[in-house]
Each structure stands twice: as C-alpha cells, then as structure tokens.
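The lines below spell out each chain.
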Amino acid sequence: STILNMDENINVAMLTLTVKNCQPEELASTLDMMQHGWAKLYKRRPVQKAVSGYARTLEITYNPNTGTYHPHYHVLLMYKDRDTYISQLDWAMWWSLSLDVNYGAIVDIRQAYCKEDVDDAESYIHAIAECSKYVTTVDIRAGVSAEALAHLALALSGRRTIYYGGIIKKVRAE
C-alpha cells in the first residue's frame, strides 16, 4: 500500500530480456554483458520517463541437449501511466543495442497478472512475488556435467541475482 500511496496511476508489467544460449565457460562474461546492458537500457531517456520502479531477477536454465546455459532477466516494471508504455519492439531494439550484439535479442512484455479477487495493494505484492520466484533453474537430473555446474557456481559467485530500482527500491529501504 505504500507504493499505491506514492502514485495511484502506476501500471505493472512483466518484461523478459534474453540473450543467446552460451557455453558454460562463457556464462560469467555473458552475465557481465547482461549487467552492463541493463545499466545502459535503464538509462535510456524513454525508459527513465516511463518506468518508476522495477524488480529484476536473473534466471539461468540449462539445456542438456546442447550443454548450454540460457541466462535471462525477468523484470517487474512499474509504469508511471499507460501513456508511457513502451512497446515490445522498442524494448527489443533497445535491449539489443544496449548489449551491443549483432543479433535481435528476444524480449517479451506483458501486463503483470494477479488473482481477480485481490485489492490493488495485493496485486502489486503478487506481481513482485511472481517476478522474484525466478533465480536459477538447473535440473541436475538433466545430465549437467560437474564441469558445467562448476562454471555456474563460479559465474554466480559474489553476484546479486535480484535487483530493485526506483520506487520499489525506495519502499524496500523503508
């Protein structure tokens, strides 16, 4: 309810930002690229104008068929109002440019969902919880080698996997 008191016109969306799958030995550098890419993306003027806060989590899945990792971000966005909504096409273009990659990174954006029988404050809490459930998904029964797991452990060592910004960060600090 503190968030609601700050701005009654906030709309919530879920954004997924992806990169190409990478080999286990490339995971740490891919995560670095993603962190730098996010910093560039979030500093873009249209993003600054539209987004009042975010909760960003890292999810890493493993593909046993190719032996590769697929790191991606799940981001709960709080838009200031519907007029500042950013299209999926713009997010995809800006994410690719921010990553400085020569391929079109896949991006998905959709309105955050919640149970219909909850009030607005509970809707925000549900959306944040939904975003926060993503961290790392590795099914060790899927044939992950010890070497691939070691690369995962090294890549995640000392790294925060959940970040907050804007009004969500402010509310968390209270």
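Please read all numbers here as calculations on a predicted model, not as lab measurements. (Residues numbered from 1 in each chain as written. Predicted model: local features only at pLDDT ≥ 70, side-chain atom pairs only at ≥ 80, totals over all residues. Heavy atoms only, no water.)

Student: I'm lost on the packing of helix α2 (residues 27–43) against helix α6 (residues 146–156) in this one. Help?
Tutor: Geometrically, a packed helix pair is captured by the angle between its two axes and the distance between the axes. At a closest axis distance of 8 Å, the pairing of α2 and α6 adopts a crossing angle of 35°. Considering only the axes of α2 and α6, their crossing is right-handed. Here L27, A28 and L31 of α2 lie close against α6, whose contacting residues are H151, L152, A155 and L156. Its residues assigned to classes, the contact of α2 with α6 comprises six nonpolar, one polar and no charged. (Axes fitted to C-alpha atoms, helices over the stretch in contact; angles between N-to-C directions. Helix = DSSP H or I, 4+ residues; strand = E, 2+ residues; numbered from the N terminus. Left-handed = near helix turned anticlockwise from the far one by under 90°. Contact = heavy atoms within 4.5 Å. Nonpolar A, V, L, I, M, F, W, Y, C, P; charged D, E, K, R; others polar.)

Student: Teacher, can you tell me more about helix α4 (residues 88–99) here?
Tutor: An α-helical turn contains 3.6 residues, so a residue and the one three or four places further along point in the same direction. For α4, built from 12 residues, the straight-helix expectation of 16 Å at 1.5 Å per residue is met to within 8% by its first-to-last C-alpha distance of 16 Å. Restricting attention to buried positions, one finds in α4 the residues W91, A92, W94, W95, S96, S98 and L99. Along its buried surface, α4 packs onto β1 (11–18), α2, α3 (45–50), β2 (51–63), β3 (68–79) and β4 (107–111). Looking one or two residues beyond α4, the residue adopting positive phi is D100, at roughly 60°. (Expected span 1.5 Å × (residues − 1). Buried < 20%, exposed > 50% of the residue type's maximum accessible area, 1.4 Å probe, protein only.)

Student: Explain the side chain of S98 here, please?
Tutor: Topologically, S98 is positioned in helix α4. On the basis of relative accessible area, S98 is assigned to the buried category, the value being 3%. A polar contact of 3.4 Å, which involves the side chain of S98, links it to the backbone nitrogen of L41. Once residues lying within four places of it in the same chain are set aside, the contact partners of S98 are G37, K40, L41 and R44. (Polar contact = N/O pair within 3.5 Å; in protein donor to acceptor, adjacent residues only side chain to side chain.)

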